[in-house]
Amino acid sequence: MDFEYDLKYCVLTFLWSFMISLFAMPSIISMAHSKKLLDAPNKRTMHTVLTPRLGGVGIFAGFFSALTIFGDFKNSDSGVQMLLAGSVILFFVGLRDDITPVSVFKKFFMQVLAAGIVVFFGGVRIESFYGFLDIIILDEGVSYGITFLILIGITNAVNLIDGLDGLAGSLILFVCLFFGAAFLLGESPYVFVAIALAGSLLGFLRYNFYQAKIFMGDTGSLLSGFVVAVLAIKSVDLKIEGVNMPTMTLAVLIIPVIDTLRVFFLRVLDGKSPFTPDKRHLHHVLSAFGFSSRVVVFLLLVINLFFIIIVYQLGQIWTITQVVFSIIGFALFFLSVPTIFRRTKK
C-alpha cells in the first residue's frame, strides 16, 4: 500500500473538528431557542425540559470541514468521497426531521439512497465472511444484500441508543477512537474519517452531558450511524498482526447492535411492531434502577471495553465462528440480566 499516514495531520483533523463543533454549539443552542426548535419532554423521553435537538448541525460542520481539509483523498479509494456524499444526504434528511417530522418511509428511502452511493460508487462492500460458517468469498448478490443490511442496520441502531444525555455521543466517540487506532495501525486513509467524527463528537459532548443543553437529534445520529457503519465495513479488511478485525469490529459495536436486537425481539414477543417506541433499551432499564445518566454512560462504556478485551483474547485461540456465536450469545444474556432482574423485583 502506498499510503503514508502522518500523525501530524491526524492531530490537526481531530483538533479542527473538535474546535468547530465546540464553538458552533452555543450559537446553535441560541438559535434553536429563538426559533422554538425544541424537543418537548414526553412519557418516552428521559429529559424534563425543552431542549434543542440540532446538535447534529455542529457535529456535521466539524466532521465535514475537517475531512475535506485534512482528509487524504489522493491515496484513498472513492469510498471516502462517496461517504461524504451519503453523509450530506442523511444530514439534510435528519435536519428536516428535527425541524418537521419526516415519515419513516422517507427516512428509510434516503438511508437506502445513501447506502447505495457508497456501495455502488464507492466500492464499500462486505465481500468475505473470513471463515465464519466456513464461508470465505460471498456471492455478489449476497454480498450486496449483507452490505445494505449492515449499513442501514447500524445507522438505525445508533439512532435508537440516542435516548440518554451523553450516551450516544460517548459510545460513538469510543467506537471512532477504536476505529481510528485500527486504521492508523493498518495505514488506511479512513483514519481521517474516524478521527474527524471523534473530534466533532467530543466538542458536542461538552454540551450534551446531564443536564443536556442540546441533543444531537436525527441530524447527528443518522450521520454518526452511517459513518460508523462504513467504518465497520472497511475495518474488517484491515490486516493488523495478532488482531482478528472481523470479530473486533463486532465487539466494539456490541452495545448498540445487541441492545437493538434484544429490544426488537421483546417487542415482537409482545405482539408489537419492532419499531414501536418504548423504554426497554438498556439505558432505560439501568436508569430505572436509580443510576444517574453519567453512571449509566460509564457502565456501558466499561461493558463495551470488557467485550473488546474478551473478544481479543478469544480471537487468539478460537475460530471466528466460535467467537461470533459465543459473544453474541453471552452479550444477549448479559445485557438482558438487568431487564430480567427488574421484572423479578416487581
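Above this text is the structure in question.
Note that the structure is a prediction, hence the values are computed from the model and not measured.

Parameters and conventions
Residue indices begin from 1 for each chain and proceed along its sequence in written order. Reporting in this predicted model follows two pLDDT cut-offs: at least 70 for local features of residues, and 80 or more for side-chain atom pairs to be given and counted; totals over whole chains, interfaces and linings ignore these cut-offs and use all residues. Each side-chain value is worked out from all heavy atoms of the structure, with water and hydrogens disregarded. Only DSSP runs of H or I with at least four residues qualify as helices, and only runs of E with at least two residues qualify as strands; both kinds are numbered from the N terminus onward. Expected span of a helix, by definition, is 1.5 Å for each gap between consecutive residues, and there is one gap fewer than residues. Relative accessibility decides the category of a residue: with a 1.4 Å probe and only protein chains considered, values under 20% of the type maximum give buried, values over 50% give exposed, and everything between is partly exposed. In this description, one arc is meant: the one made by directions from the helix axis to the C-beta atoms. Helix axes are fitted only over the stretch in contact, all axes being lines through C-alpha atoms; the angle between N-to-C directions runs from 0 to 180 degrees. Throughout, the term roughly parallel applies to angles under 35 degrees, roughly antiparallel to angles over 145, roughly perpendicular to angles from 65 to 115, and oblique to all others. A crossing counts as left-handed when the near helix is turned anticlockwise from the far one by less than a right angle, and as right-handed when that turn is clockwise. Any pair of residues with heavy atoms lying within 4.5 Å of one another is described as a contacting pair. In this count, Pro and Cys sit with the nonpolar residues alongside Ala, Val, Leu, Ile, Met, Phe, Trp and Tyr, while Asp, Glu, Lys and Arg are called charged and the others, Gly among them, polar. Residues are said to line a cavity or pocket when one of their atoms sits within 4 Å of a point; the points come from a 1 Å grid over protein atoms alone, cavities being sets where a 1.4 Å probe fits but cannot get out and pockets being open sets with protein on both sides within 12 Å along at least five of seven lines. Grid points are joined across faces, edges and corners, and a volume is the space filled by probe spheres set on the points. Only the six-membered ring of Trp is used, alongside the rings of Phe and Tyr, when aromatic pairs are assigned; centres must lie within 6.5 Å, and planes under 30 degrees apart are stacked while those over 60 apart are edge-to-face, with the rest tilted. Lysine NZ or arginine CZ positioned within 6 Å of the ring centre and within 35 degrees of the ring normal marks a charge as sitting over the ring. Whenever a carboxyl oxygen of Asp or Glu lies within 4 Å of a side-chain nitrogen of Lys or Arg, that contact is scored as a salt bridge.

When the terminal C-alpha atoms of helix H12 (residues 293–314) are compared, their 32 Å separation across 22 residues agrees well with the 32 Å that a helix rising 1.5 Å per residue should span. Ser 293, Val 296, Val 297, Leu 300, Ile 303, Asn 304, Phe 307, Ile 308, Val 311 and Leu 314 are the residues of H12 that are buried. What you see down the axis of H12 is that its buried residues fit within an arc of 140°, all on one side.

Let's shift gears to the packing of helix H1 (residues 7–34) against helix H2 (residues 55–70). Taken N-terminus to C-terminus, the directions of H1 and H2 make an angle of 150°; their axes are 8 Å apart at the nearest point. Overall, the two elements H1 and H2 adopt an arrangement that is roughly antiparallel. In this structure, H1 crosses over H2, and the sense of that crossing is right-handed. In contact with Tyr 9, Leu 12, Thr 13, Trp 16, Ser 17, Ile 20, Ser 21, Ala 24, Met 25 and Ile 28 of H1, H2 contributes Gly 55, Val 57, Gly 58, Ile 59, Ala 61, Gly 62, Phe 63, Ser 65, Ala 66, Ile 69 and Phe 70. Tallied by class, the residues present in the contact of H1 with H2 amount to 14 nonpolar, seven polar and no charged.

On to empty space enclosed by the protein, then. Once rolled over the atoms, a probe with the size of a water molecule shows which space is left empty. The final tally for this structure, using the stated rule, is two cavities of 30 Å³ or more. The computed volume of the largest cavity comes to approximately 60 Å³. Val 158, Ile 161, Leu 171, Ile 172, Val 175, Val 228, Leu 253, Pro 256 and Asn 304 together form the lining of the largest cavity. It is helix H6 (residues 167–185) that provides the largest number of residues to the lining of the largest cavity, a total of three residues. In the lining of the largest cavity, the residues fall into eight nonpolar, one polar and no charged.

This next bit is on the environment of Val 252. Among the secondary structure elements, Val 252 is positioned in helix H9 (residues 245–252). For Val 252, a relative accessible area of 0% corresponds to the buried category. With residues up to four places along the chain from it excluded, the contact list for Val 252 reads Phe 174, Val 175, Phe 178, Phe 179, Asn 304 and Ile 308.

Scanning all chains against the criterion turns up 14 aromatic pairs. With a centroid separation of 6.3 Å and 40° between ring planes, the pair formed by Phe 179 and Phe 183 is classed as tilted. Placement of both Phe 179 and Phe 183 in helix H6 is noted, with a separation of four residues, approximately one turn of the helix. Classification of Phe 179 as buried rests on a relative accessible area of 0%. Of the aromatic side chains, those joined through ring pairs into one cluster are Phe 60, Phe 64, Phe 91 and Phe 92. Against the face of Tyr 144 rests Arg 125, its NZ or CZ located 4.6 Å from the ring centre. Looking at Arg 206, its charged tip hangs above the ring of Tyr 207, at a distance of 4.8 Å from the centre.

Pairing of side chains with opposite charge becomes possible as their charged atoms draw close. The tally for this structure, following the rule as stated, stands at seven salt bridges. Note that Asp 98 is salt-bridged to Arg 53, the shortest N-O span being 3.1 Å. Taken as a pair, Asp 98 in helix H3 (residues 79–99) and Arg 53 in the loop between strand S2 (51–52) and H2 lie far apart in primary sequence, 45 residues in all. Owing to a relative accessible area of 7%, Asp 98 belongs among the buried residues under this scheme. For Asp 218, the salt bridge is made with Lys 107, and the minimal N-O distance between the two is 3.0 Å. Taken as a pair, Asp 218 in helix H8 (residues 217–235) and Lys 107 in helix H4 (residues 104–121) lie far apart in primary sequence, 111 residues in all. Each member of the pair, Asp 218 as well as Lys 107, is classed as buried. Connected through salt bridges with shared partners, the residues Asp 39, Arg 53 and Asp 98 form a single ionic network.

Relative to the elements of secondary structure, His 283 occurs in helix H11 (residues 282–288). Look at His 283 and you get buried, because its relative accessible area is 2%. Leaving out residues up to four positions away in the same chain, His 283 has contacts with Leu 160, Ile 161, Gly 163, Leu 164, Leu 167, Val 296 and Leu 300.

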